[in-house]
Amino acid sequence: MARDLAAELDGNGFGTCTVQLDWLCPGWHGLDRAVDLAVRWVLEPLAGSERGAGRQAGYRRWDWHRSRYAEWVSVTPVSAAAPEQPASVLIVEGCGIGSARARELLDVLVWIDVPEPVRWQRAAAREHEFLVAGDAEETEPAAARREMWWWPVWAAQEDAILARERIKRYADVVLCNA
């Protein structure tokens, strides 16, 4: 959905820069930590400045195939559609980014309602892409990943964050994406 939003905004003259929370999430048990890292590494350095002239921001990319951090990725708020132009919109996508510790640094919080079966189907599709991309560098037993062993772990973290933070209540925009 973030890709679609970015494409729509770019197509209407708004430059966008997108960061996905799972790019910096430290493994299957790290969703809460990913929110903290997004605040510290991405949102705080950009706070109080225009998006295009923000201070250095970035994150350590999590290598899901090797289960460890990889390179530092600079977040330079420039338009994906026109890299010579400053981005006017930073999109940070992921469950938990509307938590209180991040919310104060956001201009707009969008909540997307997705039924549980649809969430699972989308996760399974991403898992398939992950397996296909990771076949050459496999470090975990493929069978365990194919069974989506991690889904209950991940969903429980999402549920805990959502119950604790009540993010939907603070959303500026609520969408249904079934």
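All values reported here derive from a predicted model rather than from experimental measurement. (Residues numbered from 1 in each chain as written. Predicted model: local features only at pLDDT ≥ 70, side-chain atom pairs only at ≥ 80, totals over all residues. Heavy atoms only, no water.)

Colleague: Teacher, can you tell me more about the nonpolar core here?
Modeller: The nonpolar side chains of a soluble globular protein tend to be buried, and buried together. Ranked by internal contacts, the top residues of the largest apolar core, which has 36 residues, are L24, V42, V75, L90 and W154. Residue assignment for this core shows that the elements contributing at least two residues are strand 1 (16–20), helix 2 (31–46), strand 2 (58–63), strand 4 (89–93) and helix 6 (151–165). The biggest single contributor to this core is helix 2, with 10 residues. (Core = buried A, V, L, I, M, F, W, Y, C linked by side-chain atoms within 4.5 Å. Buried < 20%, exposed > 50% of the residue type's maximum accessible area, 1.4 Å probe, protein only. Helix = DSSP H or I, 4+ residues; strand = E, 2+ residues; numbered from the N terminus.)

Colleague: Just checking my understanding: could you explain the packing of aromatic side chains for this structure?
Modeller: We describe a pair of aromatic rings using the distance from one ring centre to the other and the angle between the two ring planes. Taken as a whole, this structure holds seven aromatic pairs when the rule is applied. Both rings, one in W62 and one in W64, keep their centres 6.4 Å apart while their planes meet at 75 degrees; by these two values the pair is edge-to-face. Since its relative accessible area comes to 17%, W64 is described here as buried. What links up through ring pairs into an aromatic cluster is the set W28, W41, W62, W64, Y69, W72 and W154. Cation over ring: R103 sits above Y170, and NZ or CZ is 3.8 Å from the ring centre. (Phe/Tyr/Trp six-rings, centres within 6.5 Å; stacked < 30°, edge-to-face > 60°. Lys NZ or Arg CZ within 6 Å of the ring centre and 35° of its normal.)

Colleague: Hey, could you run me through the side chain of D10 in this one?
Modeller: Within the secondary structure layout, D10 lies in helix 1 (residues 2–11). Buried D10, no salt bridge; nearest opposite-charge side chain is R3, N-O distance 11 Å. (Lys, Arg positive; Asp, Glu negative; His and termini not counted. Salt bridge = Lys/Arg side-chain N within 4 Å of Asp/Glu carboxyl O.)

Colleague: So what exactly am I meant to see when it comes to the environment of A160 here?
Modeller: Take A160: it is sitting in helix 6. Overall, the relative accessible area of 40% leaves A160 in the partly exposed class. In the structure, A160 is positioned 128 residues away from D32 in sequence and 9.4 Å away in space, judged by C-alpha atoms.

Colleague: What exactly am I supposed to notice about the side chain of Q157 here?
Modeller: Its place among the elements puts Q157 in helix 6. For Q157, the residues in contact, after removing those within four places along its chain, are W28, H29, G30, L31 and D32. (Contact = heavy atoms within 4.5 Å.)

Colleague: Mind showing me how you'd approach helix 6 here?
Modeller: Taking 1.5 Å per residue as the helical rise, helix 6 with its 15 residues ought to reach 21 Å, and the 21 Å between its terminal C-alpha atoms agrees with that figure. Buried within helix 6 are the following residues: W151, W154, A155, Q157, E158, I161 and E165. Down the axis of helix 6, the buried side of the element spans an arc of 155 degrees, and every buried residue falls inside it. Facing away from the buried side of helix 6, by more than 90 degrees, are the exposed residues P152 and A163. Among the residues trailing helix 6, R166 stands out with phi positive, at a value near 50 degrees. (Expected span 1.5 Å × (residues − 1). Arc of directions from axis to C-beta.)

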